[in-house]
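Results of the structural survey
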Amino acid sequence: MGYISIQINKAKGSADTGASDHIERKTTPKNADPTRTNLNRELVQFPDGVADRTEAISHRIRTAGIRRKITPDQVRAIRIVLSGTHEDMVRVQDEGRLGEWCDDNLQWLHRTFGRENTVSAVLHMDEHTPHIHATVVPIVTGERRKAKKKQADSKRTYRKKANAVRLCADDLLTRERLVAYHDSYAAAMAKYGLQRGIRGSEARHTTTAQYYRDLKRQTGELEANVRQLQTEQEQAEHQLDEVRKEIKLEKLEAAKTEAKTALVAKVGSLLGSGKLKELEADNRTLQNEVAARDESIELLQQQMERQQEEYQRQLMELQAKHRREMSDKEAEHQREVSFLKSIIRKAKKWFPLFQELVYMEKFCLKVGFNERQTATLISGKPLFYEGELYSEEHRRKFTTEEASFQVVKDPKDKSKLALAINGQVIGEWFKEQFGRLFSSVKRTVEPLRRGKGMGL
């Protein structure tokens with residue numbers, strides 16, 4: 001059994017443009033995958049003439065029938081993020097129920113805040129966990145809570161109409177209502193194996209920024225440990241070289257001493273001197289020191305071997321962890337690719353013109369329309385445009401005054417789509433424009449050929 005995730009925030013000011021840029025991907029955050037942004041989708045259809053989330057907020061406030069003046073510091077929108085744990089959302093996606101999950105979320109928003117107040121809901125698929133960014137305009141009716149309290153306290157105050165339309169986020173975000181939102185959302189998500197967290201728990205979500213900070217800190221600690229091991233290894237190797245040099249010198253001195261002892265022994269045997277025993281004692285002392293140094297060298301070598309083994313073990317653990325993480329990411333990527341391919345196959349099967357719409361989008365962008373204009377055309381709505389249009393066939397641009405453009409079925413092949421300008425297929429329109437241009441150039445060049453100043 002997994003847990004639901006619901007976050008509610010206020011948005012003050014005349015336009016929540018910063019959030020709109022993030023939600024509509026006008027700017028790409030660091031934790032988003034640009035190759036998957038095309039999987040994001042808007043779940044709420046905007047009214048006619050409304051192009052984006054910011055305009056939708058203003059449109060709802062403007063058409064709600066509010067009579068009271070709205071101050072600059074009033075909350076114009078409430079931002080709501082709906083999701084579950086990463087594992088639960090992946091499971092819902094693998095089961096092919098993500099579309100059903102989106103529909104149930106949208107129905108819960110409509111029941112809870114009203115269909116007209118829910119002005120935007122965008123599914124994000126290009127971040128680590130699928131989630132929905134919903135935008136609610138806090139339009140309410142009835143008396144203000146403060147007015148009711150004053151009346152209950154027997155304080156005289158001006159009483160407004162009971163059915164007055166107001167913009168008031170405080171009425172929607174009381175402690176009691178927030179608890180009720182979590183309860184009702186958990187009930188709506190129970191069919192997906194999601195449940196409400198423990199009420200009153202002090203647990204908090206780990207933010208994306210905090211996750212990356214913790215990961216970076218752990219990686220830095222491991223790298224510091226590796227550098228420390230390398231430093232200790234270098235110091236041990238340097239110390240071993242120094243000891244070897246000292247042993248070499250001491251062995252040379254011992255050899256000299258032994259030669260001197262042998263010479264003195266011969267001389268002593270001849271002269272009967274007492275120096276021989278003294279030299280023998282010195283020789284034994286030197287030999288004992290050499291043996292002690294040899295033992296120290298052996299201990300140092302053993303210590304170096306243990307450090308090298310520990311270093312290799314930590315390095316292998318790091319490499320194994322990296323391989324596991326890469327394998328998990330690759331497996332997740334393959335699942336996402338497989339799911340995307342299945343969606344594309346179903347789209348082609350369910351919507352015969354799906355492929356044609358993809359081609360038409362590329363064609364409209366290449367002709368010279370921007371993304372918003374292209375989206376209008378792809379939706380089947382007419383577009384009025386004035387400016388330059390590029391013809392790939394003629395490799396040049398042609399200028400049009402305000403004309404009506406619309407995507408229609410190709411008159412020659414009903415299974416294909418065509419872009420029409422004033423009811424005429426644009427390919428034919430390009431040919432006409434090119435013919436007029438050619439005729440104009442021809443009329444200009446012919447007099448010059450007959451003149452003396454130019455020979456062709």
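Cut-off values and rules
Residues numbered from 1 in each chain as written. Predicted model: local features only at pLDDT ≥ 70, side-chain atom pairs only at ≥ 80, totals over all residues. Heavy atoms only, no water. Pairing = 2+ DSSP bridges. Helix = DSSP H or I, 4+ residues; strand = E, 2+ residues; numbered from the N terminus. Contact = heavy atoms within 4.5 Å. Axes fitted to C-alpha atoms, helices over the stretch in contact; angles between N-to-C directions. Salt bridge = Lys/Arg side-chain N within 4 Å of Asp/Glu carboxyl O. Buried < 20%, exposed > 50% of the residue type's maximum accessible area, 1.4 Å probe, protein only. Expected span 1.5 Å × (residues − 1). Patch = residues over 30% accessible without salt bridge, like charges linked within 9 Å, V, L, I, M, F, W, Y side chains within 5 Å. Areas by Shrake-Rupley, 256 points an atom, 1.4 Å probe, with all protein chains shown as cover. Core = buried A, V, L, I, M, F, W, Y, C linked by side-chain atoms within 4.5 Å. Phe/Tyr/Trp six-rings, centres within 6.5 Å; stacked < 30°, edge-to-face > 60°. pLDDT = per-residue confidence, 0-100. Left-handed = near helix turned anticlockwise from the far one by under 90°. Nonpolar A, V, L, I, M, F, W, Y, C, P; charged D, E, K, R; others polar.

On to the sheet that holds strand β9 (residues 383-391), then. Spatially, β9-β10-β11-β12 is the arrangement adopted by the 4 strands of the open sheet, whose pairing is antiparallel. Strands with a single pairing partner mark the edges of an open sheet, and in this sheet they are β9 and β12 (424-425). Two strands pair when backbone bridges link them, and strand β10 (residues 396-409) and strand β11 (residues 417-421) are joined in this way by 5 bridges, in the antiparallel orientation. When the sheet's bridge partners are listed, Phe405 is paired in β11 with Ile421. Packing against the sheet, helix α9 (residues 354-367) makes contact with β9, β10 and β11, and its axis sits at approximately 35° to β11.

Assignment of secondary structure puts Leu43 in the loop between β2 (41-42) and α2 (53-63). As a C-alpha pair, Leu43 and Ala134 span 91 residues in sequence and 9.3 Å in three-dimensional space.

With that settled, consider the pattern of salt bridges. Side-chain pairing between opposite charges can occur once the charged atoms of the two side chains come close. On inspection of all chains with the given rule, the structure shows 20 salt bridges. The residue Arg196 makes a salt bridge to Asp183 at a minimum N-O spacing of 2.6 Å. Of the two residues, Arg196 is situated in the loop between β8 (194-195) and α7 (208-271) and Asp183 in helix α6 (residues 175-189); the sequence distance between them amounts to 13 residues. Between Glu388 and Lys397 there is a salt bridge, and its shortest N-O distance comes to 3.9 Å. Relative accessible area serves as the criterion here: at 43%, Glu388 is assigned to the partly exposed category. Connected via shared salt-bridge partners are Asp88, Arg91, Glu95, Arg97, Glu100, Asp104 and Lys191.

Moving on: helix α4 (residues 98-113). For α4, built from 16 residues, the straight-helix expectation of 22 Å at 1.5 Å per residue is met to within 8% by its first-to-last C-alpha distance of 22 Å. Among the residues of α4, those classed as buried are Leu98, Trp101, Cys102, Asp104, Asn105, Leu106, Trp108, Leu109, His110 and Phe113. Positive phi appears at Gly114, one or two residues downstream of α4, with a value of about 100°.

Turning to a nonpolar patch on the surface, a few remarks are in order. Taken together, Phe434, Leu437, Phe438 and Val441 make up a surface patch of nonpolar side chains, about 340 Å² in accessible area. Residue placement: Leu437 occurs in helix α11 (residues 426-450). A relative accessible area of 30% means that Leu437 is categorised as partly exposed.

Among the nonpolar cores identified, the biggest contains 35 residues, and Ile80, Trp101 and Trp108 are the most heavily contacted of them. At the level of secondary structure, the elements contributing two or more residues to this core comprise β1 (2-12), β3 (75-84), α3 (86-94), α4, β4 (118-124), β5 (131-136) and α6. A total of 7 residues in this core trace back to one element, the largest contributor, which is α4. With residues up to four places along the chain from it excluded, the contact list for Trp101 reads Leu82, Ser83, Met89, Val92, Leu123, His131, Ile132, Tyr185, Met189, Tyr192 and Leu194.

Moving on: the pairing of β5. Of all the 6 residues making up β5, 6 are buried; the element is thus mostly covered by neighbouring parts of the structure. Across the two faces of β5 the burial is the same, with His131, His133 and Thr135 and Ile132, Ala134 and Val136 all buried. Pairing of β3 with β5 involves 5 bridges; the strand directions are antiparallel. Bridging across to β5, Ile78 finds its partner in Val136.

The next thing to look at is the packing of aromatic side chains. Using the criterion set out here, one finds 8 aromatic pairs in the structure. Where Phe369 meets Phe405, the ring centres are 5.3 Å apart and the plane angle is 75°; that geometry is what we call edge-to-face. Note that Phe369 is positioned in the loop between α9 and α10 (371-378) and Phe405 in strand β10, a separation of 36 residues in sequence. Both residues of the pair, Phe369 and Phe405, belong to the buried class. Three or more aromatic residues joined by ring pairs make a cluster, and in this case those are Trp108, Phe113, Tyr181 and Tyr185.

Attention now goes to the confidence of the model for the chain. Looking at the chain, the pLDDT average stands at 83 and 80% of residues meet or exceed 70. Ignoring residues within four places in sequence, the model shows residues 203-208, a span with pLDDT below 50, making 4 contacts including any to other chains.

Let us now look at the packing of α9 against α10. Remark: α9 packs on α10, axes separated minimally by 10 Å, with the N-to-C direction vectors making an angle of 145°. Our pair here, α9 against α10, has a crossing hand that is right-handed. Between α9 and α10, the residues in contact are Leu357, Met360, Glu361, Cys364 and Leu365 and Glu371, Thr374, Leu377 and Ile378, respectively. Residue composition of the contact of α9 with α10, by class: 6 nonpolar, 1 polar and 2 charged.

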